[in-house]
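So you can see what is in the structure, the chains are spelled out below.
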Amino acid sequence: MMKMTKRPPFVFLFILLFHQPTVADDGYRLWLKYDRIEHDQILESYRRNIEKQFILGNTATTKIIKDELSAALPGLLGRQIGETDEIRDNTLLVASAVDLLPMVAERLRSLIERTGDEGFLIKTLRVEQKKIIVITANEERGVLYGVFAFLRLLQTGQEIDSLEIISIPRIKLRLLNHWDNLDRTVERGYAGFSLWDWHKLPDYIHPYYIDYARANASIGINGTVLNNVNANALILTPLYLEKVAALADVFRPFGIRVYLSIRFSAPMEIGGLQVSDPLNPAVQVWWREKVKEIYNNIPDFGGFLVKANSEGQPGPQDYGRSHADGANMLAAALEPYGGVVMWRAFVYKASAKEDRAKQAYNEFVPLDGAFRKNVLVQVKNGPIDFQPREPFHPLFGAMLGTPLMMEFQITQEYLGFSTHLVYLGTLFEEALRSDTYAMGAGSSVASVIDGSLHGHDISGIAGVANTGTDRNWTGHIFAQANWYAFGRLAWDHGLTSTEIVEEWIKMTLSRITHVLEKIKTIMLSSREITVNYMTPLGLHHIMGWENHYGPAPWIKDKVREDWTSVYYHRADERGIGFDRSATGSDAVSQYAEPVRNRFASVDSCPDALLLWFHHLNWNDRMKSGEILWDALCRRYYDGARSVTRMRKEWDTLRGELDAKIFTHVERMLAIQEKEAVWWRNACVLYFQTFSGLPIPDDLPKPDKSLQYYQDLSFPFAPK
Ligand code: BDP
């Protein structure tokens, strides 16, 4: 038996003092981390400027503001900031315009007027020889946004000595769309179960509802659609409406309105009617009554999101009516209360022989101008379906008389689920900046959806959420950045990806310059890398069947042609790609000139979209001089190799970041590396069966057979 030597007590004390385990970062705090500023000079300047806080107002939102500041300021500045109720030197004064001290309000009037109903003003002022920083707005949600913006300045180490910031959101409705089911599964969710604990609602308010709302408010998201677009009619029953109302009560003081996806046949399923024909008076009455009931429970209810006559969902066409008939019937019911209808344009027919990429345009353009004022048509960024790369949706350039909402997918259904590090800010940016030429040069998609190009009063943008019950909310720490980037771009689509990435890294991971630079490079290149190892040169929709996991370009002979992969890549002995020029489906004709011509001609079509618009021969020469087959192989290999590079780059950050976060990402990158090789090998081997050409000499050959990849199956992969 080992002899125990008794150590004197001070040794234990020493161990306790110096070996306290630091609390590992589990990612729960998202970008709202208020750890102390490390940089002495910056810290000094912040401490100088913020000696006291003076918060006026007496509402639930004021309370939220106080809570946020009292968590953030001591955290960031490393000392308590006392409250005051008078103007003193170096005071942070926070109040909405109505609560503001008259002498301050008077001086700021013209600036505040410019902030509208959601914007804010942050301004350094000298009042009676005292230097103060004022955060104010017309409405209190604006003040809340201002407070988060101010904290962001501190978190990102900005100068605050002399501030004058006016910020106004460019888009009015900035929404998350949750594809959450009532049984708490999440369609295309890769971060656990649904946040909404329906069973315990309305009585149990989970603390993370509040943190969810904080996170959204901090980036300006002002609405949330709680349930899946493939909706269950039960959400509209009194049982569930009471639960929805409880969530709405939590979110309201954060400036967040609640919306619901509805099932078009709800009048039959829960209302006892025989039909759900939008022109049937009984159906109209049913919806009017239902809407009234909703507003009795939720006075600021936002409205309905509708997936109708799409992928088997019921809709007005079941009765020979149009999408406009359906949307307008609901809009009429919501109109008295200020609610909106977000009618999705994601439609394509089971029977149609027409190119799927053309169908939404064909359905909706004839309806332009036929929608009521409170209807927005919600359009996915590209004409197929959230692929790693798509051209912008032609509808954005073609429906001048209808407010169009953007729908992005934040959850990475087609971009590696929550195991791949893919920063989507660059994808969002690419779509928003695309020029539709709807009204000549300078008609960007962003200017269409923010309403400025066509002068619409309402405007909106939605992101399909990637949140779930995983402790870090999004499964992958870096997936948090996609939620963040979506919100920041929804507020201001003029922000660049680089700006957003820098903010996010500083707030979430590190403020150390060389660390930041490395992570920034990884993030900014990650989407293009993913495109390369999944769907280079404009390939699309070649992923696994149903669960959409992994590569499966061989999918064919399914219930619908446009649910197969071969429909999209059209590989044959001659070549590969979908001819959407005039000699093929002529989808290019849905774009305005000169976009149409640019896509239509092989010479001017960007390489990135080549096989989206053209069927080319394997031996055709690329602009680079190499033949198509070689170029395709090279992209796949580059993509996979770049993931290895990304992983190695990450490895150099060992010891520079929180250990738990470091390891989490390290393991995820190992998965991504493995899966990138899987994508590369499976695709190259499969396409080789058509091209009959060798993989270029200098590239290593796959060590497994095509059959091996085709035999893989993942019965319980999330879907
Ligand atoms: C597809 C998803 C499916 C959604 C559909 C939609 O695979 O789960 O229901 O989009 O947006 O990409 O309606």
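It should be emphasised that the depicted structure is a prediction, and the values quoted were computed from it without experimental measurement. (Residues numbered from 1 in each chain as written. Predicted model: local features only at pLDDT ≥ 70, side-chain atom pairs only at ≥ 80, totals over all residues. Heavy atoms only, no water.)

*Asks:* For this particular structure, what's the right way to read the overall build of the chain?
*Replies:* Helix and strand counts for the chain stand at 22 helices and 16 strands. For the chain, whose C-alpha radius of gyration is 27 Å, the value lies close to the compact-globule estimate of 27 Å for 719 residues. Projected onto its principal axes, the C-alpha coordinates of the chain cover approximately 80 × 80 × 60 Å. For the chain, buried positions account for 60% of its 719 residues. In the chain, once contacts between residues fewer than 6 apart in sequence are set aside, the share between residues at least 24 apart is 72%. A total accessible area of about 28,300 Å² is found for the chain, and carbon and sulfur atoms account for 52% of it. (Helix = DSSP H or I, 4+ residues; strand = E, 2+ residues; numbered from the N terminus. Rg over C-alpha atoms; globule rule 2.2 N^0.38 Å. Buried < 20%, exposed > 50% of the residue type's maximum accessible area, 1.4 Å probe, protein only. Contact = heavy atoms within 4.5 Å. Areas by Shrake-Rupley, 256 points an atom, 1.4 Å probe, with all protein chains shown as cover.)

*Asks:* Looking at this structure, I do not really get the site of the ligand. What am I missing?
*Replies:* Taken together, 14 residues lie near the ligand, and Glu187, Lys307, Arg344, Asp385 and Glu413 sit nearest. The separation between an oxygen atom of the ligand and a polar side-chain atom of Arg188 is 2.9 Å. Tyr414 has a polar side-chain atom sitting 2.8 Å from an oxygen atom of the ligand. Each residue belonging to the shell around the ligand can be placed in one class, and the counts come to four nonpolar, two polar and eight charged. (Near = heavy atom within 4 Å. Polar contact = N/O pair within 3.5 Å; in protein donor to acceptor, adjacent residues only side chain to side chain. Nonpolar A, V, L, I, M, F, W, Y, C, P; charged D, E, K, R; others polar.)

*Asks:* Sorry, what's going on with the pattern of salt bridges here?
*Replies:* Between side chains of opposite charge, pairing is possible as soon as their charged atoms come close. By the definition in use, this model includes 51 salt bridges. Here Asp355 and Arg580 are joined by a salt bridge, their closest N and O atoms 2.7 Å apart. Note that Asp355 is positioned in the loop between strand 11 (340–344) and helix 11 (356–364) and Arg580 in the loop between strand 15 (575–576) and helix 18 (595–600), a separation of 225 residues in sequence. A salt bridge links Lys520 to Glu502; the shortest N-O distance between them is 2.5 Å. Placement of the pair is Lys520 in helix 16 (residues 513–534) and Glu502 in helix 15 (residues 497–508), with a sequence separation of 18 residues. Judged by relative accessible area, Lys520 falls into the buried class, the value being 13%. (Salt bridge = Lys/Arg side-chain N within 4 Å of Asp/Glu carboxyl O.)

*Asks:* Can you walk me through the nonpolar core in this structure?
*Replies:* What tends to happen in soluble globular proteins is that the nonpolar side chains get buried as a cluster. Core analysis: the largest hydrophobic core is formed by 227 residues, its most contacted members being Phe150, Phe251, Trp287, Phe304 and Phe687. Dropping the residues within four chain positions of it, Trp287 is found in contact with Leu236, Ile262, Arg263, Phe264, Ala266, Pro267, Phe304, Met329, Leu330 and Ala333. Within the second largest apolar cluster, 15 residues are counted, among which are Phe54, Ile87, Leu111 and Ile132. (Core = buried A, V, L, I, M, F, W, Y, C linked by side-chain atoms within 4.5 Å.)

*Asks:* Quick question: what am I supposed to make of the sheet that holds strand 14 (residues 460–464) here?
*Replies:* Note: strands within a sheet are paired through backbone hydrogen bonds, in either parallel or antiparallel orientation. With parallel pairing, the eight strands of this closed barrel are ordered in space as 7-8-9-10-11-12-13-14. Pairwise comparison of adjacent strand axes, ignoring direction, gives a mean angle of 25° for this sheet. Pairing of strand 7 (residues 173–177) with strand 14, which is carried by five bridges, proceeds in the parallel orientation. Its bridge partner being in strand 14, Asn177 is matched across the sheet by Val464. Contacting strand 8 (223–225) and strand 9 (257–262), helix 7 (residues 238–251) runs over the sheet at an angle of about 150° to strand 9. (Pairing = 2+ DSSP bridges. Axes fitted to C-alpha atoms, helices over the stretch in contact; angles between N-to-C directions.)

*Asks:* Looking at this model, I keep getting lost on a negative patch on the surface. Mind explaining?
*Replies:* On the surface, Asp99, Asp117, Glu139 and Glu140 cluster together to form a negatively charged patch. Relative to the assigned elements, Glu140 resides in helix 5 (residues 140–155). According to the relative accessible area criterion, Glu140 is partly exposed, its value standing at 30%. (Patch = residues over 30% accessible without salt bridge, like charges linked within 9 Å, V, L, I, M, F, W, Y side chains within 5 Å. Lys, Arg positive; Asp, Glu negative; His and termini not counted. Charge placed at Lys NZ, Arg CZ, Asp CG, Glu CD.)

*Asks:* I tried to follow the packing of helix 20 (residues 628–651) against helix 21 (residues 659–691) on my own but got confused; where do I start?
*Replies:* Helix-helix packing: each pair is described by the crossing angle between the helix axes and the interaxial distance. Where helix 20 meets helix 21, the axes come as close as 9 Å, and the angle between the chain directions of the two elements is 170°. Relative to helix 21, the element helix 20 is oriented roughly antiparallel. (Parallel < 35°, antiparallel > 145°, perpendicular 65-115°, else oblique.)

*Asks:* Can you walk me through the sheet that holds strand 6 (residues 164–167) in this structure?
*Replies:* Taken in spatial order, the six strands line up as 2-1-3-5-4-6 in an open sheet, and their pairing is mixed. Only two strands of the sheet have a single partner each, and these edge strands are strand 2 (82–83) and strand 6. The pairing of strand 1 (residues 52–55) with strand 3 (residues 91–94) spans four bridges and is parallel. For Ile55, the partnering residue across the bridge sits in strand 3 and is Val94. The strands that helix 5 touches are strand 3, strand 4 (120–127), strand 5 (130–136) and strand 6; relative to strand 4, the one it contacts most, it runs at about 75°.

*Asks:* So what exactly am I meant to see when it comes to the confidence of the model for the chain here?
*Replies:* Close reading of the predicted structure is inappropriate where its pLDDT is low. When pLDDT is averaged along the chain, the result is 96; 97% of the residues meet or exceed 70. Counting contacts from residues 1–21, a segment whose pLDDT is below 50, to residues more than four positions away or on other chains yields three contacts. (pLDDT = per-residue confidence, 0-100.)

*Asks:* What is the right way to read the pairing of strand 3 from this model?
*Replies:* As a general feature of sheets, a regular strand has side chains that alternate between the two faces. The side-chain alternation of strand 3 yields two buried faces, one formed by Thr91 and Leu93 and the other by Leu92 and Val94. In this sheet, strand 5 lies alongside strand 3 in parallel orientation, the contact comprising four bridges. Counted as the bridge partner of Leu92 is Ile133 from strand 5.

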